[in-house]
Amino acid sequence: MDSPLDKSISFLLFLFIGFLLKKKISPGDETNGLKSLILSIALPATIFIALLKIDISSQLILFPFLALTFNCILFLVTPFLLFLIGIDKNSARGRSARLLISSLAPGLSCFPFVLEFLGDNSLAKAAMSDLGNKFFVLFVLYLIALKWYYKNIPFQSNSLNVRLKSLFKTFVCEPVNLLIIAALILVFFGIRLDTIPHYLSITLTRLSYMMTPLVLIFIGLAVKIKKIQFLELFSLLLLRAGFTILVIVAFIYFGGIVDKKDILVMITFSLSACSFWPYAHISSVNFIEKKENKTDKTFDPDFSLFILALSLPISVLLILGILTAGNTFVKIDNLLILGILLFSVGLLYPIIMKINSFFKNKIEFFYEK
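Described below are features of the structure shown in this document. None of these values were measured; they are calculated from a predicted model.

1. Focus on helix α10 (residues 198-209)
The terminal C-alpha atoms of α10 lie 17 Å apart, and with 12 residues this matches the ideal 16 Å at 1.5 Å per residue to within 8%. Among all positions in α10, only Ser-201, Leu-204 and Ser-208 are buried. Considered in projection along α10, the buried side chains sweep an arc of 70° and stay on one side of the axis. The exposed set on the far side of α10, more than 90 degrees from its buried face, consists of His-198, Tyr-199, Arg-206 and Tyr-209.

If you want it as structure tokens, here you go:
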């Protein structure tokens, strides 16, 4: 059996292959095509197989509600995190960050590693959790984006109703969610992986084998290192990760959770990268504002893209590090240390900027005198 270290090195090699392919694969349609292949075929097949291998219990049904609760907590605390790094929560950048920071994209940043390190049962729990997260990013965050946009504009209820119906259709018809629903129905009627036609189980299994390599190659292709706002966003994402771990510690302690794999699933899922869906909402609002020639923008799409680009590698490295460490981070003490450490590192940039600003003001005051 492969050791965690061997798996991690193998994963890093796939990332490096993706990075090397940047010159061969264009960042537009070809990269998006790879992403669609992952999210529409490899990932749904993997989750479908995982669900057909497990016993559905009341505990599994609770995971979407736990994820939704976590999303809400993260959304409520984001203004405080923005305050720490000096971003106005009511600015275009602040509103953009508030949508993105509270969202999760486990399909690309969490699921492949949960499958490889923790197995099918854990992947099934992560997949069920994503149903709660999907509801939050598709519906709750869209309503919040509309609320901010329509703050000083007459509300158009008909337009909202049409858009909500479209979002509901997207939620239900997304391949991952369709196969989750289908798998739950089959399991409810006692149909398991070994009872479905053999040719179908072989096809799904082989499709699932593609997921981890494709995801890692995609991450290598998608990573873009930008100097502009790098330190600011790096600090924000570390503060997000540190706070996330502290929240999970509270869940574990007050929920009396002792299963090691469940703890690791909760940690890795909550550390997932920011979701693309809030950016889609932001782009939709920005498109309307461009047509209206509105100068005071509700959101900052460029700032949103920077967050997306940086959150993916940070999340992947944290998740890989935690899973590679085995059971090190199932202990509350170790989790507390990690959470406080990440939060402290995230505070370094704003503290340094405050010190620089203080001395700059002192020098300017001295010369004015």
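Now, onward.
2. What about helix α12 (residues 230-255)?
With 26 residues, α12 should cover 38 Å at 1.5 Å per step; its first-to-last C-alpha distance of 37 Å lies within 8% of that length. At the exit of α12 stands Gly-256, carrying a positive phi of roughly 65°.

3. Notes on the packing of aromatic side chains
One pass over the structure, following the stated rule, counts five aromatic pairs. Seen in terms of ring centroids, Phe-75 and Trp-148 are 6.4 Å apart; in terms of plane orientation they differ by 20°. Their pairing is stacked. Remark: Trp-148 occurs in helix α7 (residues 120-149) and Phe-75 occurs in helix α3 (residues 58-85); sequence separation between them is 73 residues. Residues Phe-75 and Trp-148 agree in their burial class; the two are buried. Their ring planes at 15° and their centres at 5.7 Å tell us that Phe-230 and Phe-234 sit as a pair that is stacked. On the criterion of helical spacing, the pair formed by Phe-230 and Phe-234 is a turn pair, its members being four residues apart in helix α12. Of the residues examined, Phe-234 reaches a relative accessible area of 28% and is grouped as partly exposed. These aromatic residues form a ring-pair network of at least three members: Phe-75, Trp-148 and Phe-299. Here the guanidinium or amino end of Arg-93 rests over the ring plane of Phe-303, the centre of that ring lying 4.8 Å away.

4. Quick notes on the packing of α7 against helix α14 (residues 277-291)
Axis separation between α7 and α14 bottoms out at 9 Å; the angle between their running directions is 30°. Compared by their axis directions, α7 and α14 come out roughly parallel. Of the two possible hands of crossing, α7 and α14 adopt the one that is right-handed. Contacts between α7 and α14 pair Val-137, Leu-138, Leu-141, Tyr-142, Ala-145 and Tyr-149 from the former with Trp-277, Pro-278, His-281, Val-285, Ile-288 and Glu-289 from the latter. Taken together, the residues that form the contact of α7 with α14 break down as 10 nonpolar, one polar and one charged.

5. Some points on the pattern of salt bridges
Where charged atoms from two side chains of opposite charge come close, those side chains can pair. What the rule picks out here adds up to three salt bridges. For Lys-125, the salt bridge identified is with Asp-262, shortest N-O distance 2.6 Å. With Lys-125 in helix α7 and Asp-262 in helix α13 (residues 260-270), the pair connects residues that are 137 residues apart, well separated along the chain. The two residues Lys-125 and Asp-262 agree in class, both being buried. The partner of Lys-134 in a salt bridge is Asp-130, and the shortest N-O contact between them spans 3.2 Å. With a gap of four residues between them, Lys-134 and Asp-130 both fall in helix α7, about one helical turn apart. For the pair shown, Lys-134 and Asp-130 are each scored as buried.

6. Focus on the side chain of Ser-275
Its location among the elements puts Ser-275 in the loop between α13 and α14. Polar contacts involving the side chain of Ser-275 include one to the main-chain amide nitrogen of Trp-277, which spans 3.1 Å.

Rules of the game
Residues numbered from 1 in each chain as written. Predicted model: local features only at pLDDT ≥ 70, side-chain atom pairs only at ≥ 80, totals over all residues. Heavy atoms only, no water. Helix = DSSP H or I, 4+ residues; strand = E, 2+ residues; numbered from the N terminus. Expected span 1.5 Å × (residues − 1). Buried < 20%, exposed > 50% of the residue type's maximum accessible area, 1.4 Å probe, protein only. Arc of directions from axis to C-beta. Phe/Tyr/Trp six-rings, centres within 6.5 Å; stacked < 30°, edge-to-face > 60°. Lys NZ or Arg CZ within 6 Å of the ring centre and 35° of its normal. Axes fitted to C-alpha atoms, helices over the stretch in contact; angles between N-to-C directions. Parallel < 35°, antiparallel > 145°, perpendicular 65-115°, else oblique. Left-handed = near helix turned anticlockwise from the far one by under 90°. Contact = heavy atoms within 4.5 Å. Nonpolar A, V, L, I, M, F, W, Y, C, P; charged D, E, K, R; others polar. Salt bridge = Lys/Arg side-chain N within 4 Å of Asp/Glu carboxyl O. Polar contact = N/O pair within 3.5 Å; in protein donor to acceptor, adjacent residues only side chain to side chain.

In short, the description is geometric, and any link to function would need to be established separately.
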